[in-house]
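Coordinate analysis (summary)
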Amino acid sequence: MATFYERMVPLLVLWLAVCLIQTWAVDRSNFKTCDQSAFCKRQRALKPGESPYRALLETMELTNTRLTLQLINDNNKVHLLLELYRLQGNITRVKINELKPLKPRYEVPDVLVREPPTEPMSLLSQDENGVVLSLGVESQRVIVSARPFRLDIMEGSSVLMSLNSRGLLAFEHLRMRKDTFSYKVTSTVASVWDNIKSVFSSQADPEADKKEEGDPANQDETAKEEEKVEEGMWEETFKSHTDTKPNGPSAVSLDFSLPGVEHVYGIPEHADTLRLKTTDNGDPYRLYNLDVFQYELYNPMALYGAVPVMLAHNVQRTTGIFWLNAAETWVDISSNTAGKTVFGKMLDYVQGSSETPQTDVRWISESGIIDVFIMLGPTVKNVFSQYASLTGTQSFPPLTSLGYHQCRWNYNDQEDVKSVDAGFDEHDIPYDFIWLDIEHTDGKRYFTWDPHKFGTPKDMLQGLMDKRRRMVAIVDPHIKVDSNYKIHNELRSRGFYVKNKDGGDYEGWCWPGNSGYPDFTRTDMREWWASMFSYDQYEGAMENLYTWNDMNEPSVFNGPEVTMHKDAMHGAWEHRDIHNLYGLYVHRATAEGLSQRSGGVERPFVLTRAFFAGSQRYGAVWTGDNAAEWDHLKISIPMCLSLGLVGISFCGADVGGFFKSPSTELLVRWYQTGAYQPFFRAHAHLDTPRREPWLFGPENTAVIREAVRQRYALLPYWYQQFYHAYQTGEPVMRPLWVEYPEDPATFAIDDEFLIGQDLLVHPVTEEGARGVTAYLPAKQEVWFDVHNFQKHNGAQNLYIPVTMSSIPVFQRGGSIIPRKLRVRRSSSCMEHDPYTLFVALNLQRTAEGELYIDDGHTFNYEKKEFIHRRLTFANNILSSVNLAPDAKFTTESWIERIVLLGTSKPSKVTLKTADGQESQVEFDFDASMSVLTLRKPGMNAGADWTMMFQ
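The residue numbers shown here count from 1 along each chain, following its written sequence. This being a predicted model, a pLDDT of at least 70 is required before a residue's local features are given, and a value of 80 or more before pairs of side-chain atoms are given or counted; all residues contribute to the totals for chains, interfaces and linings. With hydrogens and water stripped out, all remaining heavy atoms of the structure feed into the side-chain values.

1. Focus: the sheet that holds strand E25 (residues 507-510)
In short, DSSP must find at least two bridges between two strands for them to pair. Helical segments are the DSSP runs of H or I of at least four residues, strand segments are the runs of E of at least two, and each set is numbered from the N terminus. Read across the open sheet, the three strands follow the order E24-E26-E25; overall the sheet is antiparallel. At either margin of the open sheet sits one strand with a lone partner, and together these are strand E24 (479-480) and E25.

Put into structure tokens, the structure is as follows:
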């Protein structure tokens, strides 16, 4: 019989969670503002002006791969080391660290895919004021100014970016606390030695004082100026939690000026607009992974993930800034055009105002070093490639994971799973994955199953496998402290838990009650964790069971800001140094476990809530605990667009909203939106009524069914886009400005988006909407409504009447998109089905596209086992040619239909296959819509063929 404690713990945890949920829904006081974060308040108090830092040019060393130069703070005489690298691909790297820190400062590991290859720099000129270096790309150069220190990157006569131009570089050096015994002993000895040394040195060399200034060996001796001790430097309290800060103040900060720029993007995760706002009149954007229930919208508060990457764009150029620091970070943005109306800007123009638009950005991190990668474009796709060369591309997911996912907290038992699964068949709605939340476990012990509700998990999984479907089960990184739990016992015996400041295992409260937190920063711990997913360790698991990592910020219900104490220890490093990395490490170890269980053959699928730069290499993310509200539906678009811009393409939001209960209209609209976002999952809170898609009446079931079926018909295109993202780093779901970078009308649009470059989607996100206005870009383009094939010219705002069944989607003229129109119960059931090609002609009567096919689930594509074909229409000839002649793969799929949009009626159509045989193809022509349909041409999807229209 369970003890009283065992019975009460789940109730206490649920009560605590409910209290937190109720608080978070209305009270922001659980999370810090900048004023409540001591280092942010301290750094933000510094105002623009002349920097105290200057470059000591006599210390400069230039090798073939890097420049090094000492900086000195004239206020405290502390020396810093500047390192400057020119990297392959038009990237400049700037590192600043203490020259001689008291102890090493944290430098982020494991995020870069390799040590970035360098290219040589050359010295163009040098004098007492600074140096000029060539970056080797056309007329690009770096100017390092000495007094005050400043760094400008130029191309021709234009400044692309300036560092420390506003004098906000700050580097809090590590120091000993002055009220400690060790400091008093050290300072007393040093004082005596100073007195002795000064007597002899002044007699021997009256110039000694001048010489010492540039000598880093005398850094400690010359740092005589009493530094002001401010509240929060050595200890900080927020609510009931005290952060002991044994290393004292260690913040770093640097400002960047972007001349000619008014639009900046990125630095997710925030529930805000795509275009970042200025922060002059409020808090900076915060990057600090936190478990925020039912988050507020349109503010810069931190959320579950943090990617410290910003893109800056104007009609001439796109650049990027990657601030490689995993500590709590705040980003301030200001602009000289902020707040100006369109009329005000026109007035400036009429009056001949010569002020150039400029955006200034300041990064502030609590610890670590300054390590920044400046990606110089010049195009946005260059920036995607540059960032991908540093942190990798989106992992290529299994095809099935691009289908529909059905989830809630929680499906009750195996019978419930079986019933829901059958419901999809009964209502003819395809799906690929059903999900189990925390209640499927034995008392919140991960890697286990509730013996009463899920007593025969392999039977359940086999039932799904028989229908070619799959399951995802949650595995969170907080481990129940329980001596009868194998996972806990192994972690404790191996010393794998994060430690508290006193050296014991760090413990906090989460879903299981008292929990330990594995130290995922350790390679050996991650290897052990990965091994727990093997079939002989994870009892009940089968090859169709995949994983979901939630709560990996990490979430600690009784911790400061619902996360881990910053003075917890990961080996030699404080949690404050690595906080934003923790979720990435959990995600990585889990993905590696799923891959290793198959001997490295099968691609993993792992969803994570917390993330950092580089998380794209390990799977999918979602936007966390949203709410069943129209504004939450709307915000899902810019949130996923922002993630795509910084490499994370596999993004989605909980369809229907996690908290609260959606109206039928909202649920339907959310399905229609989610069907056109990369990760497509419905999810709901434990306390909400059931909302499987057939529970809202036959009419709404039919509309939802149609949205899901549209998703499945487009899976070949989605899969092709993810292959392209894996190859290039370009986002799958992208803002319009990415494809139309010279059209300012696109720069702030975040209620519509592109999938790849060929599909434009404007979801209906307004309650009671009878129409939407979509911007169709580019005067030289035409766009075809994918539902009725009506053609529309580009460069217009098009009003589209809508009904409850409407999803405004347009195919770009000049594109060819493959679909599979025989939608079945799951994507795997459609594997060998035939393709339909939709050929949309542009004004020049040409079109092109691609078709990518592989086995959909293994890593064999890395061995060149795939089909990749180029489809082109030009000069009245449609052809398919092999883009990868050295690749080997066969498919049973064939081309069963070709639909040409915006064409004229031919007299005949002739198909010529690779063996030279010719045949006539039957067709229908709709003159009213200029649509030509070719039926059953019959060629294999992997073959060469040509079709001539006469």
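Read on for the rest.
2. Let's talk about the state of the cysteines
Two cysteine sulfurs form what is called a disulfide whenever their separation falls within 2.5 Å. Taken as a whole and assessed by the stated rule, the structure comprises two disulfides. Through a disulfide, Cys34 is tied to Cys40; the S-S separation comes to 2.0 Å. The disulfide joining Cys34 to Cys40 has a torsion of about -100 degrees about its S-S bond and is therefore left-handed. Summary of the burial criterion: residues with accessible area below 20% of their type's maximum are buried, those above 50% are exposed, and those between are partly exposed, where the area comes from a 1.4 Å probe applied to protein chains only. The exposure class of Cys40 is buried, given its relative accessible area of 0%. For Cys640, the disulfide goes to Cys651, at an S-S distance of 2.1 Å. Around the S-S axis, the bridge from Cys640 to Cys651 shows a dihedral of about -75 degrees and counts as left-handed. Within this pair, whereas Cys640 is found in helix H14 (residues 630-645), its partner Cys651 is found in strand E32 (residues 651-652), the two being separated by eleven residues in sequence. Cys651 shares its class with Cys640; the two are buried. Numbered by position along the chain, the disulfide-linked cysteines of the protein connect as 1-2, 3-4.

3. Some points on the side chain of Thr393
Secondary-structure assignment places Thr393 in the loop between helix H7 (380-391) and strand E21 (404-406). Thr393 gets classed as buried once you look at its relative accessible area, which sits at 18%. There is a polar contact of 2.6 Å between the side chain of Thr393 and the backbone oxygen of Tyr726. When checking whether two residues touch, look at their non-hydrogen atoms; a contact exists if any pair is within 4.5 Å. Once you skip the residues sitting within four places of it in the chain, Thr393 turns out to touch Ala388, Gln616, Arg617, Ala725, Tyr726, Thr728 and Gly729. Contacts described as polar in this section are N or O atom pairs within 3.5 Å, which, within protein, must combine one atom able to donate a hydrogen with one able to accept it, while residues neighboring in sequence count only if both atoms come from side chains.

4. What to know about the pairing of strand E8 (residues 150-155)
With six bridges joining them, strand E7 (residues 140-145) and E8 adopt antiparallel strand pairing. Each bridged residue has a counterpart across the sheet, and for Arg141 the counterpart in E8 is Met154. Joining the antiparallel neighbours E7 and E8 is a turn of four residues. As paired elements, E8 and strand E9 (residues 158-163) share five bridges and run antiparallel to each other.

5. Considering the packing of helix H11 (residues 523-531) against helix H13 (residues 582-596)
For helices, the axis comes from a line fit to the C-alpha atoms of the stretch in contact; other axes are also lines fit to C-alpha atoms, and the angle between any two N-to-C directions lies between 0 and 180 degrees. Where H11 meets H13, the closest approach of the two axes is 7 Å, and the angle between their N-to-C directions is 45 degrees. Judged by the inter-axis angle, H11 sits oblique to H13. Between H11 and H13 the crossing geometry is right-handed. Contacts between H11 and H13 involve Arg526, Trp529 and Ala530 on the former and, on the latter, Tyr585, Arg588, Ala589, Thr590, Glu592, Gly593 and Gln596. Throughout this description, any angle smaller than 35 degrees is read as roughly parallel, any larger than 145 degrees as roughly antiparallel, any in the 65 to 115 degree range as roughly perpendicular, and the remainder as oblique. Less than a right angle of anticlockwise turn of the near helix away from the far helix marks a crossing as left-handed, whereas a clockwise turn marks it as right-handed.

6. A short note on the pairing of strand E19 (residues 358-365)
Summarising burial for E19: seven of the eight residues are buried, a large majority. In this sheet, E19 lies alongside strand E18 (residues 329-335) in antiparallel orientation, the contact comprising seven bridges. Bridging across to E19, Ser335 finds its partner in Thr359.

7. Some words on helix H9 (residues 457-466)
Because each turn of an α-helix spans 3.6 residues, side chains separated by three or four positions end up pointing in the same direction. Regarding H9, the residues found buried are Pro457, Met460, Leu461 and Leu464. Along the long axis of H9, the arc covered by the buried residues comes to 95 degrees, so they all point the same way. Opposite the buried face of H9, by more than 90 degrees, sit the exposed residues Asp459 and Asp466. Along its buried surface, H9 packs onto helix H8 (414-426), strand E22 (433-436), strand E23 (470-474) and strand E27 (545-549). Taken from the residues just after H9, Arg468 is the one with a positive phi, measuring 60 degrees. The arc under discussion is defined with respect to the helix axis, by the directions toward the C-beta atoms.

8. Focus: the environment of Asn90
With respect to the element layout, Asn90 can be found in the loop between strand E3 (79-87) and strand E4 (91-98). C-alpha of Asn90 to C-alpha of Arg812: the two residues are 722 residues apart in sequence and 31 Å apart in space. When sequence neighbours within four positions are dropped, the list of residues in contact with Asn90 reads Val137, Gln140, Arg317, Ile374, Met375, Leu376, Gly377, Pro378 and Gln386. Here the side chain of Asn90 touches Gly377 through a polar contact of 3.2 Å, landing on its backbone oxygen.

9. Observations concerning the pattern of salt bridges
Salt bridges, as used here, are contacts in which a Lys or Arg side-chain nitrogen is within 4 Å of a carboxyl oxygen on Asp or Glu. In total, this model carries 64 salt bridges according to the counting rule given. The closest approach of N and O atoms between Arg28 and Glu296, which form a salt bridge, is 3.9 Å. Highlighted residues: Arg28 in the loop between helix H1 (4-24) and helix H2 (38-44) and Glu296 in the loop between strand E15 (285-287) and strand E16 (309-313), separated in sequence by 268 residues. The class for Arg28 is partly exposed, based on a relative accessible area of 37%. Between Lys444 and Glu439 there is a salt bridge, with the nearest N and O atoms lying 3.3 Å from each other. In this structure Lys444 comes out as buried when scored by relative accessible area, which is 15%. A network of salt bridges, in which partner residues are shared, links Asp243, Arg286, Glu328, Glu366, Glu561, Lys566, Glu574 and Arg576.

10. Details of H14
In a regular helix each residue adds 1.5 Å, so 16 residues correspond to 22 Å; H14 covers 24 Å between its end C-alpha atoms and thus fits that length. By the criterion of burial, H14 is predominantly enclosed, with 14 of the 16 residues buried. Backbone geometry just after H14 places Gly647 at a positive phi near 95 degrees. Expected helix span is computed as 1.5 Å times (number of residues minus one).

11. Some points on the environment of Tyr719
Positionally, Tyr719 belongs in helix H17 (residues 715-728). It is 7.7 Å that separates the C-alpha atoms of Tyr719 and Tyr852, two residues lying 133 residues apart in sequence. Not counting chain neighbours up to four residues away, the residues in contact with Tyr719 comprise Phe396, Pro397, Leu399, Leu402, Arg603, Tyr852, Asp854 and Gly856.

12. Some points on the nonpolar core
As a rule of thumb, soluble globular proteins bury nonpolar side chains together. Buried Ala, Val, Leu, Ile, Met, Phe, Trp, Tyr and Cys residues that are joined via side-chain atoms within 4.5 Å together make up what is termed a nonpolar core. Core analysis: the largest hydrophobic core is formed by 174 residues, its most contacted members being Phe322 and Trp529. Residues Phe256, Leu276, Ala312 and Ile321 belong to the second largest nonpolar core, which totals 51 residues.

13. Digging into the sheet that holds strand E14 (residues 263-266)
Strand order in this open sheet of eight strands is E1-E2-E3-E4-E20-E17-E16-E14, and the pairing throughout is antiparallel. Of all strands in the sheet, those with a lone pairing partner are strand E1 (53-62) and E14, marking the two edges. For this sheet, the mean angle separating the axes of adjacent strands, direction not counted, is 20 degrees. Note: E16 against strand E17 (residues 318-323), five bridges, orientation antiparallel. The residue bridging His313 from the neighbouring strand is Thr318, located in E17. Against the sheet, H7 engages E3, E4, E16, E17 and strand E20 (370-375), with an angle of about 25 degrees to E17.

14. Some words on unusual backbone geometry
The omega torsion across Arg147 and Pro148 is -5 degrees, close enough to zero to call that bond cis. Looking at the secondary structure, you find Pro148 in the loop between E7 and E8. Glu269 follows Pro268 through a cis peptide bond whose omega is 25 degrees. Mapped onto the fold, Glu269 is located in the loop between E14 and E15. The backbone of Lys77 shows a phi angle near 65 degrees, a positive value even though the residue is not glycine. Among the structural elements, Lys77 can be located in the loop between strand E2 (66-73) and E3. In this structure, Lys864 takes a positive phi of about 70 degrees despite not being glycine. Note that Lys864 resides in the loop between strand E45 (847-853) and strand E46 (867-874). Among the residues examined, Lys864 registers a relative accessible area of 37% and is labelled partly exposed.

So yeah, pure geometry; function would need other evidence.
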